[in-house]
Amino acid sequence: MSDEVVLKISHLSKYFGNIKAIENINLEIFKGEIVAFVGDNGAGKSTLMKILSGEYRPSSGEIEIFGEKVVKFNPKSLIKKGITTVYQNLALVDNLDIVSNIFLGYEKRKFMFFLQHREMKMTAEKLLKNLNINIPSLESEVGELSGGQRQGVAIARAIHQGGRILILDEPTAAMGIKESREVYKLIKSLSKEEITVLIVSHNIQQVFDVADKVYIMKRGNIVNQFKTHDTNYNEIADIILGEYAAC
Amino acid sequence: MKCDLQIKAVNNHFKKKYLPQIILFVLLIISLVVISFTSPYFLKWYNIKNILDQSAINILLGVSMTLVICSGGLDLSVGSIAALSSVVMALAIHSGFSLEISIFICILVGTICGLINGYIISCININPFIVTISTLWIYRALTLVLTNSSPIYGFPNEFSVIGSGSFMGLPISFIITLGVVIFGTVLFHKTKYGKYMIAFGCAEASLKRVGVSVNLYKISVYVFSGILAAVTGIILTSKLNCADPLAGYMLEMEVISIVILGGTSIKGGRASIVGTLIAGLLMGMLRNGLIMNGIASYYQQLLVGLILIFAVILSERDKLCKGS
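Residues numbered from 1 in each chain as written. Chains lettered and ligands numbered in written order. Predicted model: local features only at pLDDT ≥ 70, side-chain atom pairs only at ≥ 80, totals over all residues. Heavy atoms only, no water.

## Points about the packing of aromatic side chains
All names here are of chain B.
- Under the defined criterion, the tally for this structure stands at seven aromatic pairs over all chains.
- Measuring from centroid to centroid gives 5.9 Å for Tyr 193 and Tyr 217, while their planes differ by 45°, and the two rings are tilted. Placement of Tyr 193 in helix α8 (residues 192–209) and of Tyr 217 in helix α9 (residues 214–240) is noted, with a sequence separation of 24 residues between them. Residue Tyr 193 shares its accessibility class with Tyr 217, and that shared class is buried.
- A ring pair is formed by Tyr 196 and Tyr 217, whose centres lie 5.0 Å apart and whose planes are at 85°; its orientation type is edge-to-face. Residue Tyr 196 is located in helix α8, and its partner Tyr 217 is located in helix α9; the two are separated by 21 residues in the primary sequence. (Phe/Tyr/Trp six-rings, centres within 6.5 Å; stacked < 30°, edge-to-face > 60°. Helix = DSSP H or I, 4+ residues; strand = E, 2+ residues; numbered from the N terminus. Buried < 20%, exposed > 50% of the residue type's maximum accessible area, 1.4 Å probe, protein only.)

## Let's talk about the sheet that holds strand β6 (residues 83–86) of chain A
Residues and elements named next belong to chain A.
- The six strands are arranged β6-β9-β10-β3-β11-β12 in an open sheet whose pairing can be described as mixed. Taken across any chain shown, the strands that pair with only one partner, and hence form the sheet edges, are β6 and β12 (221–227). Pairwise comparison of adjacent strand axes, ignoring direction, gives a mean angle of 20° for this sheet.
- Examined bridge by bridge, strand β3 (residues 34–39) and strand β10 (residues 196–201) share five bridges and lie parallel to one another. Each bridged residue has a counterpart across the sheet, and for Ala 36 the counterpart in β10 is Ile 199.
- Contacting β6 and β9 (165–169), helix α5 (residues 147–160) crosses the sheet at an angle of about 165° to β6. (Pairing = 2+ DSSP bridges. Axes fitted to C-alpha atoms, helices over the stretch in contact; angles between N-to-C directions. Contact = heavy atoms within 4.5 Å.)

## A word on the pairing of β12 of chain A
- Bridge count for strand β11 (residues 213–218) of chain A against β12 of chain A is six bridges, and the pairing is antiparallel. For Ile 216 of chain A, the partnering residue across the bridge sits in β12 of chain A and is Asn 224 of chain A.

## Brief notes about the pairing of strand β4 (residues 60–65) of chain A
Residue and element names in this part refer to chain A.
- As paired strands, strand β1 (residues 5–16) and β4 are joined by five bridges and run antiparallel to one another. Within the sheet, the bridge partner assigned to Lys 8 lies in β4 and is Glu 64.
- Pairing analysis gives two bridges linking β4 to strand β5 (residues 68–69), with the strands arranged antiparallel. Looking at the pairing, Ile 65 lines up with Glu 68 of β5.
- Linking β4 back to β5 in an antiparallel pair, the connection comprises two residues, with Phe 66 at a positive phi of about 50°.

## A few points about the nonpolar core
- By size, the foremost hydrophobic cluster in this structure holds 79 residues, and its most contacted members are Leu 67, Met 197, Leu 207 and Leu 261 of chain B.
- For this core, the element with the highest residue contribution is helix α2 (residues 45–70) of chain B, accounting for 13 residues.
- Setting aside chain neighbours within four positions, we find Leu 67 of chain B in contact with Leu 187, Phe 188, Tyr 193, Met 197, Val 221, Phe 224 and Ile 273 of chain B.
- Ala 124, Ile 135, Leu 186 and Val 214 of chain A belong to the second largest nonpolar core, which has 49 residues in total. (Core = buried A, V, L, I, M, F, W, Y, C linked by side-chain atoms within 4.5 Å.)

## Digging into the side chain of Ser 53 of chain A
All names here are of chain A.
- Relative to the elements of secondary structure, Ser 53 occurs in the loop between α1 (45–52) and β4.
- By relative accessible area, Ser 53 is classed as buried at 5%.
- At 3.4 Å, the side chain of Ser 53 and the backbone oxygen of Lys 50 are in polar contact. (Polar contact = N/O pair within 3.5 Å; in protein donor to acceptor, adjacent residues only side chain to side chain.)

## Some words on helix α6 (residues 177–192) of chain A
Residues and elements named next belong to chain A.
- For α6, spanning 16 residues, the distance from its first C-alpha to its last is 23 Å, which sits close to the expected 22 Å at 1.5 Å a residue.
- Looking at the buried residues of α6, the elements they touch are β3, α5, β9, β10 and α7 (204–210).
- Immediately beyond the C-terminal end of α6, within one or two residues, lies Glu 194, with a positive phi of roughly 65°. (Expected span 1.5 Å × (residues − 1).)

Pasting the structure below:
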């Protein structure tokens, strides 16, 4: 992890009509950091991530990525700036093979139209090898892979798109213990490559295994932040469940 | 161990991708052998030419229908577009336009009809079945209005070459179809267009999230369908030497049948243009064989229905096995 700020959010708010989704969010995230956003349903985690991935335009506030202010809010321009998102459903195409999924929307072509199958396959092979993702055959359709392998392909695609800041939305949802461990191992290895990772998760215990810092969100605000080695599971759970516990 | 997994994955891939076409091809050969025993005229070159000529239109439209169905859509209006565009072409010829300009106008009409279908389906987000069943009626009604429900006769002599001529022994209509099949296969397998059609069929949201202009691609597939319907209209008019306002009636049903038989999933996301070609030839051959053996036409319809049901059961076998 370095001292370089890769993502700076200042006074960010989003309203849907009169309803406040997030309000006055301020934070700075550093290169190679693994940051988790936790909170109950309706805390504003998903809204914040959707703004960062270009699905929503903020009502007010500013976002700077690698020192550049974001003006256009759509998936393509945010990807160009270096933020890529791995959605909870992974947004993979089950009937396409692994190479086609990794290159979806960013295909290598010759003579304008024709796909460069061999080059794409070689790049995909190299990428998966670097990320230590084991897949028996690149010819396999993504629908035939295990949950962990699918997550690996989705992360490989995000990195191939040029992602230096990766948003992972519930990366281990509906996964077994073994597969979740594989995915967290992969996330840790991304940090070594100086890729910044933002994780949105409900699973506080699993977040502890991987994140450097945890932001706790509640009713559209960041109510607390901790370095994971300065806190514990119970403290965070108490903050999230605080008012329920008081009842 | 890793090697075993690799072999298993490649086998699975091969089975999923090519097995339906191999089965269909074997069926085609078996049918060819059986029918040739029952009729001595079946394997005569003029009869084979006749089968190719009769199958050409279904296969031609099958190429675009394969892409439409693969993308999760449906185009029921192709028969009506064929009739409308051919009638407009006939009116243009009769108004004194040259043959080339009239053919261009015909293709333009097909393009506009496809554009209307594609725009309503993708930009207004209406179900393709509803849209194309509506335009099926609208385009057919326009055809009847324009012609006062009477066929238009009288075309230049050179026009009949398209529907009735031959080149190197092959019917020109079939040569056009083969050209379209090759174009469609290259488009589907060698360009990103084919990948996007598969993605539309099973995960449209994924394309949006990587920034692909979803509407543009969706409209283009209906435009392609409209253009091929117009080409069909040209071939039909040339063959009959008449622009019939009822031409192409129920054509869409036959085309959809061969597309499904060819291994394209009606739910979208999986398709084979080569499968459509083989299925079109098989259907054409079976029809011809039944006629050769003096079997009544309603039995032909029965056979088509039975083959279709068999094909769908075969394509869904994996799911049925998993379910049990």
